[in-house]
Amino acid sequence: MAETVISAVSINKTYPMGDSETEVLKDINFNIASGEFVAIYGSSGAGKTTLLNIIGGIDKPTSGQMIVLGEDLTVQNEDFLADFRCNDVGYVFQAYNLVSTLTVAENVAFPMEWTGRPPEEIVKRVAELLATVGLGHRANHYPAQLSGGEQQRVAFARAMANDPQVFLADEPTGNLDTKNGQKITQMLQMLKAEGKTVIVSTHDAEIMRLADRTLCLEDGRLASKDE
Amino acid sequence: MSSVRFPIKDLARRRLQTSLTITTLTLSVASTLFLLLFSWQVGVGISSTSETLTAGLSAIFAQFVLFIGVLIFVVGAILTSFIVFLMMKQRTRDFGLIKAAGCPNGRVFGYFLAELLIVTVVGCVLGVVFGFTADSVATRVLGVQAIQNPPNLLFASIVFAVFFILAVTFGVKPMLDAARASPLKLLSPVQYFGLGKGGKFKPLSRTGITLQVASRSLFRRVSASVRIILLLSIVFLLLTVSVAGSIIANDTTTIWVENAVGQNVILIAHQDMVTQYKLLMSQAFTQDLAGYFNYTDERLAVPDAILENLNGLHGVSGVDARLVLMEPVREMSGYYIDPDTQSTYSVGDNRNGTSLVVGVNPEKILTSPHTKGQFLNSSDAQMAVIGDTLAQAMYSTDLRAKPPIRLADPLLQKIIVQGKIFDITGVCIDPTNSGNVTYVPLKELQSVTGISTVNVVLVRLDASVDRVATLAQLKTIVQDINPEFSVFELDEVLQENVAFLGSLWSEIMLLPLFTLGSAALCLVGYMMLSVDEQRHEFGVLRAIGTKPNTAVAVAAVQSSLVLLSSLAVGLSFGIITTLLILVPHPIVTVLTVIKISTWLFAALAIMFLLSLIPAVRIAKTSILRVMA
């Protein structure tokens, strides 16, 4: 049996809203094995993005444990989490979140430069990644000069830069047309083929078909676990 | 939606940006009004002492206060226009959005104009209130030379009117541009970010990336960056003029006073004359000069025996015997021949006055006041050197006189003392009798007055001898010859003069302190707006693996670039202005340079550290809140 790389134990998350509190995640428990492709779906506001943020070390639960690659992220400090986000997780945001002052190539290179990899290796890897996402000709453009689909592909290339074990994508096709959506689906397929652990929040039927397992979030609770 | 409700709702919705803009605008108006009121108070305070301060020194102080006041106003005006420009520039995209939604151009313009007017009026009114409050508190707490006056409503009205007009003018400019542009152009991210194609990719280190992100972000907002650099350059010009200028002027005037009073100089005279001479030398900071003093009283004449003993005494390196009198003096007009037209013009008039007349032996004089022209150099010549205050009172142009005196120059004129005409060869800055003094050769003065004695003797002690022992010996000799005569160290009066000058300059030095404070606050305001604009970018950087302090590092690079560019411009122009315009014949020592460098470095460090506050706050905020 494959090793468990992600383990959520009684995860709860509440946000203060004025005088009251809103419960976004309620008692979430699951395990994800290495190389598994998991799709999380649910209605808007169900807590999909919050759950991905907690797995990705961007947010912390109000209670519970989130163990990723053997580390309980809920007890780690910000410096540890920064290194974790840079080296161990690739995150594709719904809104792409590219650095607007860096070119496409610079955005993709950023995580590698930050971890101090040799320049020759970075140049080679950037070229490979841009070729993979089909944006070699856009290397020296700024994100503002790209279409939404192109920006999403750059975000994928950036997420893959440090060859992380865990790959997270938040509604990667949510803002895209069918053609661009298909390209993204192909990339996810490629990651699956490479044996990466992939967790995607999505409403896209194509992506869900790719998944080994789906998790349904309803009103902050895990409604079903399709084993 | 009504044209009033929308702007108010919109401002309330953008609470952070609105409060930042109003705060910065308030600070700008308040600090300008406060500094103008305060410098005016200090200026009035100092000018009230100028009846006793010498004219030359008063002129330097007055120039400084005026120049600093003008600069403060310019800084405030640029800052105000900058803040409003920045605020409205940030709304260009919103302008496009509302236009794209179908709102007529005129109405969108009206909405934003209403927002601009609301923010400007609130900022200016609050600024005036806080400016008055700060001035009132500062003058009370600091207890400066300032004269307590009722609130200067004229200043307040001028500041309010000028700043309001500037704010509206500069705020309307980006809106007019937006009104002319198509919604498509306004909404285009390329238009918004203003980026061209980047250069060839080259991998960088962590430091390299930090520098790259910081500098590109700075250059992307090029118009805002240029404006803040321009603003801070003027702030540094102001700081340099007030700090470097004050220090150089303080050192220069101190040395002038030291040279005029003399260092390590001992006064020997009748005890009444000692008291009077001390008062004459302390006129700048005391008003206690007795109404009448008989300088020709025979009791005051220094006995020959004292002079004979002093000349051969071990440890005495110089003896300067003087005859000091208070005499009526008269201006004598001169003439000037224009070299081009060969026309002759009358210079000055024939005004009367009273001056302290000091007869000195030019070969033996122990003091060397700073002199424009030439000091006395011969015992026999009928030459005179007059003090700056006398020159101001009797040898200046006077258009109110009948007939008006349009041309006056003491160096082209003469002075009449006791009916004898002396050529004026120089005008000196001398605290003796607050500059109302005339130096003539001792022989000439004795000749015209018929007084063959002297009433004051100045003695310089050799620096290598035992000062205490020599002084004791001097006292014994003097007391043995005439017990009514005494020995007094003029260094005491010199120190009082220097301390008084120092106190005046230290008041002026309060202005750069406050200017620094307000400039630092404004820089923090700019950095708050700047960091707020990059807020999302900082969130993204953290989300992909940089540490929280990266935001601080980026802000530090941006702040350094802005501050160092501004410092280079401001410092250069400040030094040039000080040395060429404000302080004639500056005396700059190594100590002066060290003092100025310490001040400016401290100012730079304080401003730099304060400018990082907004980024530090971002670094302490969670990623999701930063990106929200």
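See the structure above.
These numbers were taken from a predicted model, which means no experiment stands behind them. (Residues numbered from 1 in each chain as written. Chains lettered and ligands numbered in written order. Predicted model: local features only at pLDDT ≥ 70, side-chain atom pairs only at ≥ 80, totals over all residues. Heavy atoms only, no water.)

1. With respect to the layout of surface pockets
Residue and element names in this part refer to chain B.
Okay, so step 1: Taken as a whole, the second largest pocket holds about 550 Å³ of empty space.
Okay, so step 2: Gly-56, Lys-372, Asp-388, Val-427 and Ile-429 are, among the 22 residues lining the second largest pocket, the residues nearest its centre.
Okay, so step 3: Contributing elements (two or more residues each) for the lining of the second largest pocket: α3 (55-90), β6 (370-373), α13 (388-394) and β9 (420-429).
Okay, so step 4: Here the lining of the second largest pocket takes 5 residues from α3, the largest share from any one element. (1 Å grid on protein atoms, 1.4 Å probe; cavity = no way out; pocket = protein on both sides within 12 Å on 5 of 7 lines; lining within 4 Å. Points joined across faces, edges and corners; volume = space filled by probe spheres on them. Helix = DSSP H or I, 4+ residues; strand = E, 2+ residues; numbered from the N terminus.)

2. Brief notes about the side chain of Ser-233 of chain B
All names here are of chain B.
Okay, so step 1: Relative to the elements of secondary structure, Ser-233 occurs in helix α10 (residues 222-261).
Okay, so step 2: By relative accessible area, Ser-233 is classed as buried at 8%.
Okay, so step 3: Among the polar contacts listed, one links the side chain of Ser-233 to the backbone oxygen of Ile-229, at a separation of 2.6 Å.
Okay, so step 4: Aside from chain neighbours lying at most four places away, what touches Ser-233 is Ser-566, Val-569 and Gly-570. (Buried < 20%, exposed > 50% of the residue type's maximum accessible area, 1.4 Å probe, protein only. Polar contact = N/O pair within 3.5 Å; in protein donor to acceptor, adjacent residues only side chain to side chain. Contact = heavy atoms within 4.5 Å.)

3. Observations concerning unusual backbone geometry
Okay, so step 1: Residue Pro-403 of chain B is bonded to the preceding Lys-402 of chain B through a cis peptide linkage, with omega at -5°.
Okay, so step 2: Following the sequence through the fold, Pro-403 of chain B ends up in the loop between α13 and β8 (414-417).
Okay, so step 3: Phi is positive for Ser-10 of chain A, which is not a glycine, with a value near 45°.
Okay, so step 4: Assignment of secondary structure puts Ser-10 of chain A in strand β1 (residues 4-17).
Okay, so step 5: Residue Ser-10 of chain A is classed as partly exposed on the basis of its relative accessible area, which comes to 31%.

4. Concerning helix α19 (residues 590-611) of chain B
Residues and elements named next belong to chain B.
Okay, so step 1: Given a rise of 1.5 Å per residue, 22 residues ought to cover 32 Å, and the 31 Å separating the end C-alpha atoms of α19 matches this to within 8%.
Okay, so step 2: Turning to α19, its buried residues number three or more, namely Thr-592, Ile-596, Leu-600, Ala-603, Leu-604, Met-607 and Ser-611. Buried residues of α19, viewed axially, fall in a sector of 95°; they line one side. In α19, the exposed residues that point more than 90 degrees away from the buried face are Val-590, Leu-591, Phe-601 and Leu-609. (Expected span 1.5 Å × (residues − 1). Arc of directions from axis to C-beta.)

5. Looking at empty space enclosed by the protein
Okay, so step 1: With the rule as written, the count across this model stands at 6 cavities of 30 Å³ or more.
Okay, so step 2: The volume enclosed by the largest cavity comes to roughly 160 Å³.
Okay, so step 3: Together, 16 residues line the largest cavity, and Arg-85, Val-89, Gly-90 and Tyr-91 of chain A together with Ile-544 of chain B are the ones closest to its centre.
Okay, so step 4: When contributions to the lining of the largest cavity are tallied by element, the ones reaching two or more residues are α2 (78-87), β6 (89-92) and α5 (148-160) of chain A.
Okay, so step 5: Here the lining of the largest cavity is built from residues that sort into 9 nonpolar, 4 polar and 3 charged. (Nonpolar A, V, L, I, M, F, W, Y, C, P; charged D, E, K, R; others polar.)

6. Some points on the sheet that holds strand β2 (residues 20-33) of chain A
Residue and element names in this part refer to chain A.
Okay, so step 1: Taken together, 4 strands build an open sheet; the order of strands is β2-β1-β4-β5 and the sheet is antiparallel. Edge strands, defined here as strands with exactly one partner in the open sheet, are β2 and β5 (71-72).
Okay, so step 2: One ladder, built from 10 bridges, connects β1 with β2; its direction is antiparallel. Within the sheet, the bridge partner assigned to Ile-6 lies in β2 and is Ile-32.
Okay, so step 3: Packing of helix α1 (residues 48-55) onto the sheet brings it into contact with β1, β2 and β4 (63-68), and relative to β2 it is tilted by some 60°. (Pairing = 2+ DSSP bridges. Axes fitted to C-alpha atoms, helices over the stretch in contact; angles between N-to-C directions.)

7. Quick notes on the pattern of salt bridges
Okay, so step 1: Taken as a whole and assessed by the stated rule, the structure comprises 24 salt bridges over all chains.
Okay, so step 2: Asp-59 of chain A is paired through a salt bridge with Lys-13 of chain A; the nearest N and O atoms lie 3.2 Å apart. Of the two residues, Asp-59 of chain A sits in the loop between α1 and β4 while Lys-13 of chain A sits in strand β1, which places them 46 residues apart along the sequence. Both residues of the pair, Asp-59 of chain A and Lys-13 of chain A, belong to the buried class.
Okay, so step 3: Across the pair Arg-299 of chain B and Asp-297 of chain B runs a salt bridge, and its minimum N-O distance is 3.2 Å. (Salt bridge = Lys/Arg side-chain N within 4 Å of Asp/Glu carboxyl O.)

8. Considerations on the pairing of strand β3 (residues 334-337) of chain B
Regular strands place side chains that alternate from one sheet face to the opposite one.
Residues and elements named next belong to chain B.
Okay, so step 1: Sheet topology note: the β3/strand β4 (residues 344-347) ladder contains 4 bridges and is antiparallel. Bridging across to β4, Tyr-336 finds its partner in Tyr-345.
Okay, so step 2: The hairpin turn running from β3 into β4, its antiparallel successor, is 6 residues long, and Gln-342 in that turn takes a positive phi close to 65°.

9. Structural notes on the interface of chain A and chain B
Much of the literature gives interface size as the accessible area that the parts lose upon coming together.
Okay, so step 1: Contacts between the two partners involve 34 residues from chain A and, on the opposite side, 36 residues from chain B.
Okay, so step 2: Taken over both partners, the interface formed by chain A and chain B buries close to 3400 Å², and the fraction arising from carbon and sulfur atoms is 64%.
Okay, so step 3: Sorting the residues of chain A by area buried against chain B places Thr-101, Glu-113 and Trp-114 of chain A first, and these three jointly supply 22% of that buried surface.
Okay, so step 4: Counting across the interface, chain A meets chain B through 3 salt bridges.
Okay, so step 5: Linking Asp-83 of chain A and Lys-547 of chain B is a salt bridge whose minimum nitrogen-to-oxygen distance equals 2.9 Å.
Okay, so step 6: For the pair chain A and chain B, the number of links is 10 residue pairs in polar contact (both at pLDDT 80 or more).
Okay, so step 7: For the side of chain A that touches chain B, the elements supplying multiple residues, two or more each, are α2, α3 (104-114) and α4 (119-132) of chain A.
Okay, so step 8: Among the residues forming the side of chain A that touches chain B, the class breakdown is 18 nonpolar, 8 polar and 8 charged. (Buried area = accessible area lost by both parts, 1.4 Å probe.)

10. Description of the packing of α10 of chain B against helix α18 (residues 549-582) of chain B
Residues and elements named next belong to chain B.
Okay, so step 1: It is at 7 Å that the axes of α10 and α18 come closest, and there the two elements cross at 40°. When the axis of α10 is compared with that of α18, the two are oblique. Both α10 and α18 take part in a crossing whose hand is right-handed.
Okay, so step 2: Looking at the contact of α10 with α18 residue by residue, the classes come out as 17 nonpolar, 9 polar and no charged. (Parallel < 35°, antiparallel > 145°, perpendicular 65-115°, else oblique. Left-handed = near helix turned anticlockwise from the far one by under 90°.)

11. Some thoughts on α3 of chain A
Okay, so step 1: Summarising burial for α3 of chain A: 11 of the 11 residues are buried, a large majority.
Okay, so step 2: Listing the buried residues of α3 of chain A in full gives Val-104, Ala-105, Glu-106, Asn-107, Val-108, Ala-109, Phe-110, Pro-111, Met-112, Glu-113 and Trp-114 of chain A.
Okay, so step 3: Buried residues along α3 of chain A sit in contact with α2, α4 and α5 of chain A together with α9 (206-220), α17 (535-543) and α18 of chain B.

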